[in-house]
Structure formats: structure tokens, C-alpha cells
Amino acid sequence: MANPFAPPFPAALPPETPVETTTRLRPVRPRRAGRAVAVGVCAVLGVGLIGGALAGLWLAAAEPGEPAEPAGYAKTRDLWHNAPVDSLFPRSLAGPAAGPGASARTWTRIVVAPDAACSPAVLAKGLLATLRPLGCERVLRATYTDATASSVITVGLVFTRADAPAQRTLGQGLTTRLGADVPPTLPGPGTVAARFGPSQRASWWLNAPADLPVVVTAVSGFADGRTVDRPQPADGAMARGRTDAVAQSGLGHEARNITVRFEQLLRTAVAPPAKEKDPR
């Protein structure tokens, strides 16, 4: 994460000094008409070949199956050590329509962990095995509680070195592919998440957005420390007709929708600054 004592702007670079070289010009002999015609034909053919090559490259790049790298994709990789902690994990986070029946949620941060290497201590085994071939850079985690302090939820930001095509493939049905691969919790001693351990995990969700080299994870549970025999992925906990405590409490909704909010935060962090309008 960013060093708070680092200067806000990089030191200005010295201006470039152009290097100019002059060479004595040789006298030009008068050209014959035939040679001039031949030179002209060659020039036309050369321009045509170059233009055709450039057009081919342009058409290849424009093919729908080969989109360019999304804007801000490379910049996102460095957020884990360049961005302030409060921009990646806000102290308070609003979740409009994030609960059951599109009810609003507000989450308050209660625990933040230092950035960590990718390991079984901070990542579920299946996700870790999936990311290792792509390059797993760093993991950031924080735990939040809702406005009533009745639920807790650990959010993970897993930064990868995957290129854009690999990231798009990674994100296709990630939670379904990994099965019961529940993310680890981040308990907070002396907080409402003090008893948030492996047995308290109730619902979870994973998502790998196609436009960011990140996997966002979330695992939710009850703040009172009650155990859950069979934690459910968020889409299962949100299924119509569910009447168990996990479904009725909205823990599946929270796990899924908080990942959406964090994806939005990451996109905002790498978005180019808005241009000021000309007052004239």
C-alpha cells in the first residue's frame, strides 16, 4: 500500500536535449526520365504494400475475439502497494440494494490485515491452485460488519499477474468451478468478529472481473459466533424459497453484492482523472 510519507508527485525530469548531426551534402546528378518513372512506380508499390500491411494489422486488432487490454488493467496490478488503505478498504461502505428485497446495507470496517503472500493461510486451496500458474501477486484482506453488528464479512482482494485473455477465462463461472472452496475468515480480537472462524462461515462468493487482474472474495457469517454446518455459495443462499437462517439474514446477498462494490472501487482507483471543463 502507498507510503503516506512519499512525495505526492514524482520529481520533475530534466528536459530532453535534442541531438542534431549535420552532414555535407553531395551534389545531385541530373536524373534520366526512365529512372524517374521507375522510381515513381516503386514508390507507389511500396506505399501500397505498407498500406495493405497496416490495414491487415488494423483489421486483426479489430476482430471481436481479440479485444485490447482494458483501460487501467496494468495500473491495477500495483494498487496493492500504491493505493492508500482507505481507498481500497473504506472505513464505511454503502451497499444500495445489497440486501434481500433490494434493501440497503452499510458496512463498517473493523479489521485490516497487512498485505500477504499467496498461501493457504489467506486463500482457499482451490483458488490458490488455480491462480499459481497465472501468477498470484499479493492478497489484501479486511473484515466488515453491518449497521446492526449482527453479521460480519471478510473481503479479499487477490492481485494476479494474469494477462487480459487469461483473466477473461478465469472469471467464467469461477465459484461454480471451485465448488465448496470457502475463503478463510479474518477475525478481529476485541471486535464483533472475534469469533469469526472457519466454523462460522455461512456464505461466500468469488469473482474475477474481466477488466481487472484481481479476484475479489467474500465470506460472511453471524457476529454472535454461531456455527454453520453447510456454508452455501451466495447464489444458493439467495435461491427463491429458502427459509433457513442464512437465507433470511441475507448473508448470501451481502457476500455477493459486496464483491460488486469492491470491483467498482478498484475501477474508480485506476480511472483517469476527469478533465475540468473550460469556464469560457
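Structure first, text after, so check above.
These figures come from a predicted structure and were not determined experimentally.

Some points on unusual backbone geometry
With the exception of glycine, the majority of residues adopt a negative phi angle, and the majority of peptide bonds are in the trans configuration.
Here's step 1: One non-glycine residue, Ala149, adopts positive backbone phi at about 55 degrees.
Here's step 2: Inspection of the secondary structure puts Ala149 in the loop between strand S3 (136-146) and strand S4 (151-160).
Here's step 3: For Ala149, a relative accessible area of 34% gives the class partly exposed.

A closer look at the sheet that holds strand S5 (residues 203-207)
In any sheet, the strands associate via hydrogen bonds between backbone groups, in a parallel or an antiparallel arrangement.
Here's step 1: Taken together, seven strands build an open sheet; the order of strands is S1-S2-S3-S4-S6-S5-S7 and the sheet is mixed. The open sheet has two free edges, formed respectively by strand S1 (92-95) and strand S7 (232-233), since each of these has just one partner strand.
Here's step 2: Pairing of strand S2 (residues 105-112) with S3, which is carried by five bridges, proceeds in the antiparallel orientation. Of the residues in S3, the one forming a bridge with Arg109 is Tyr144.
Here's step 3: Against the sheet, helix H10 (residues 251-270) touches S1, S2, S3, S4, S5 and strand S6 (214-222), its axis set at about 150 degrees to S6.

Structural notes on the packing of aromatic side chains
Here's step 1: Considering all chains together, one arrives at two aromatic pairs under this definition.
Here's step 2: On the numbers, 5.9 Å between centres and 70 degrees between planes, the contact of Tyr144 with Phe262 is edge-to-face. Here Phe262 lies in helix H10 and Tyr144 lies in strand S3, a separation of 118 residues in the sequence.
Here's step 3: The class of Phe262 is buried, set by a relative accessible area of 1%.

Brief notes about the environment of Gly190
Here's step 1: Along the polypeptide, Gly190 turns up in the loop between helix H7 (174-178) and S5.
Here's step 2: Given the relative accessible area of 82%, Gly190 is considered exposed.
Here's step 3: Here the alpha-carbon distance between Gly190 and Ile110, two residues 80 residues apart in the chain, equals 9.9 Å.

The rules behind each value
Residues numbered from 1 in each chain as written. Predicted model: local features only at pLDDT ≥ 70, side-chain atom pairs only at ≥ 80, totals over all residues. Heavy atoms only, no water. Helix = DSSP H or I, 4+ residues; strand = E, 2+ residues; numbered from the N terminus. Buried < 20%, exposed > 50% of the residue type's maximum accessible area, 1.4 Å probe, protein only. Pairing = 2+ DSSP bridges. Contact = heavy atoms within 4.5 Å. Axes fitted to C-alpha atoms, helices over the stretch in contact; angles between N-to-C directions. Phe/Tyr/Trp six-rings, centres within 6.5 Å; stacked < 30°, edge-to-face > 60°.

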